[in-house]
Amino acid sequence: MDLKICHLYPDVLNLYGDGGNIRCLTQRLRWRGIGAEVTKMPIGSTGSLAGYDLIFIGGGQDFEQQVLLDDLHRGRDRELVAAIEDGVCVLAICGGYQMLGSYYETHDGQRCDFIGALDLYTVGARERMIGNYMYKVSDTLGGFTVVGFENHSGKTRLGPKVEPLGRVLAGFGNNGEDGAEGAHYKNVFGTYSHGPLLPKNPAFADLLLSSALERKTGRGELQPLDDTLENLAHDEMCARLERSGK
Ligand code: GLN
């Protein structure tokens with residue numbers, strides 16, 4: 001059995017090597033004797049989004065978010081909404097996370113209408129929210145701490161139909177104001193954390209794998225892996241952020 005993973009818009013939404021998170025997912029599956037089939041779906045692909053177990057969408061700057069709009073509204077929007085409503089596991093980072101909401105409006109008033117799959121919207125601020133940060137994932141999702149790196153000007157506001165993914169412990173998160181970070185809806189996880197999110201936070205990687213496997217096979221339990229080194233690096237980063245009092 002192979003887990004079918006789609007990397008959506010790797011050509012435009014792949015800031016900070018976000019796509020490397022897929023290598024982390026496939027390696028953690030391989031260590032457990034489970035295969036993975038990864039399909040890249042750049043702008044202009046004609047293949048259907050149906051049949052995937054996990055969809056990954058990275059981040060990108062305002063320009064890239066504008067570039068993909070035509071393709072998105074040629075039917076990918078409806079496919080994404082259908083996949084999400086059908087419980088497909090989705091990890092979306094920063095610009096990709098904003099894309100799942102209703103719209104993004106830059107600080108100088110340019111508006112990207114997005115897909116409205118998640119009850120949220122984003123408005124750009126003049127100052128950017130940049131730096132290492134950390135948040136605690138909500139208890140219902142495991143209550144673990146995530147260390148990451150954020151770089152966005154968009155301030156995201158959540159509506160009542162989505163839950164925050166977690167609460168900010170250091171840094172900005174969704175908007176630097178209400179303490180919320182990311183969004184969780186069905187099996188969708190949106191976060192501002194760029195780059196090696198999953199290698200730095202193996203608990204997050206396993207949360208995604210377990211939710212995708214649960215949906216596909218009815219069995220989400222995962223054989224434990226030795227994450228001693230990953231956890232040492234993770235805990236050191238948490239300690240540094242606590243020390244810096246950010
Ligand atoms: N356009 C977005 C912002 O600056 C997304 C940036 C990103 O993905 N890093 O808010």
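So, here's what we can say about the structure. Not measured: the values here are computed from a predicted model.

### Structural notes on a nonpolar patch on the surface
Logical step 1: A grouping of Ile43, Phe63 and Val67 is seen on the molecular surface, where their side chains present a nonpolar patch of about 260 Å² in accessible area.
Logical step 2: Summarising the element assignment, phenylalanine 63 is placed in helix α2 (residues 62–67).
Logical step 3: Accessibility expressed as a relative area gives 57% for phenylalanine 63, which makes it exposed.

### Here we look at the side chain of glutamate 150
Logical step 1: With respect to the helices and strands, glutamate 150 occurs in strand β8 (residues 145–158).
Logical step 2: At a separation of 3.0 Å, a polar atom in the side chain of glutamate 150 contacts the main-chain amide nitrogen of glycine 173.

### A short note on the site of the ligand
Logical step 1: Near the ligand, the surroundings consist of 15 residues, among which Asp62, Gln65, Asn151, Gly154 and His194 are the closest.
Logical step 2: Asparagine 151 places a polar main-chain atom, nitrogen or oxygen, 2.9 Å from a nitrogen atom of the ligand.
Logical step 3: About the coverage of the ligand: the protein hides 99% of its 300 Å² of free accessible area.
Logical step 4: At the level of secondary structure, the elements contributing two or more residues to the shell around the ligand comprise α2, α4 (95–99) and β8.
Logical step 5: A per-element tally of the shell around the ligand places β8 first, with 4 residues.

### Re the packing of helix α1 (residues 20–30) against helix α6 (residues 202–217)
Logical step 1: Relative to each other, α1 and α6 sit at 70 degrees, their axes nearing to 10 Å. Classified by the angle their axes make, α1 and α6 are roughly perpendicular. Contact residues: Cys24, Leu25, Arg28 and Leu29 in α1; Pro202, Ala205, Asp206, Leu208, Leu209 and Leu213 in α6.
Logical step 2: The class makeup of the residues in the contact of α1 with α6 is 8 nonpolar, no polar and 2 charged.

### A look at the pairing of strand β4 (residues 89–93)
Logical step 1: Where burial is concerned, most of β4 is hidden: 5 out of the 5 residues are buried.
Logical step 2: Side chains Cys89, Leu91 and Ile93 of β4 all project onto a buried face; the interleaved residues Val90 and Ala92 project onto the opposite face, where all are buried too.
Logical step 3: Here 4 bridges tie β4 to strand β12 (residues 188–191), and the two strands are oriented parallel to one another. When the bridges of β12 are listed, valine 90 appears paired with valine 188.

### Comments concerning the side chain of asparagine 201
Logical step 1: Tracing the sequence through the fold places asparagine 201 in the loop between α5 (197–200) and α6.
Logical step 2: Look at asparagine 201 and you get buried, because its relative accessible area is 1%.
Logical step 3: Separated by 3.4 Å, the side chains of asparagine 201 and histidine 234 make a polar contact.
Logical step 4: Discounting chain neighbours no more than four positions away, the residues touching asparagine 201 are Thr145, Val146, Val147 and His234.

### Points about the environment of glutamate 214
Logical step 1: Here glutamate 214 shows up in helix α6.
Logical step 2: The class for glutamate 214 is partly exposed, based on a relative accessible area of 42%.
Logical step 3: Each C-alpha atom, one on glutamate 214 and one on glycine 171, is 33 Å from the other, the two residues being 43 residues apart in sequence.

About the criteria used
Residues numbered from 1 in each chain as written. Predicted model: local features only at pLDDT ≥ 70, side-chain atom pairs only at ≥ 80, totals over all residues. Heavy atoms only, no water. Patch = residues over 30% accessible without salt bridge, like charges linked within 9 Å, V, L, I, M, F, W, Y side chains within 5 Å. Areas by Shrake-Rupley, 256 points an atom, 1.4 Å probe, with all protein chains shown as cover. Salt bridge = Lys/Arg side-chain N within 4 Å of Asp/Glu carboxyl O. Helix = DSSP H or I, 4+ residues; strand = E, 2+ residues; numbered from the N terminus. Buried < 20%, exposed > 50% of the residue type's maximum accessible area, 1.4 Å probe, protein only. Polar contact = N/O pair within 3.5 Å; in protein donor to acceptor, adjacent residues only side chain to side chain. Near = heavy atom within 4 Å. Axes fitted to C-alpha atoms, helices over the stretch in contact; angles between N-to-C directions. Parallel < 35°, antiparallel > 145°, perpendicular 65-115°, else oblique. Contact = heavy atoms within 4.5 Å. Nonpolar A, V, L, I, M, F, W, Y, C, P; charged D, E, K, R; others polar. Pairing = 2+ DSSP bridges.

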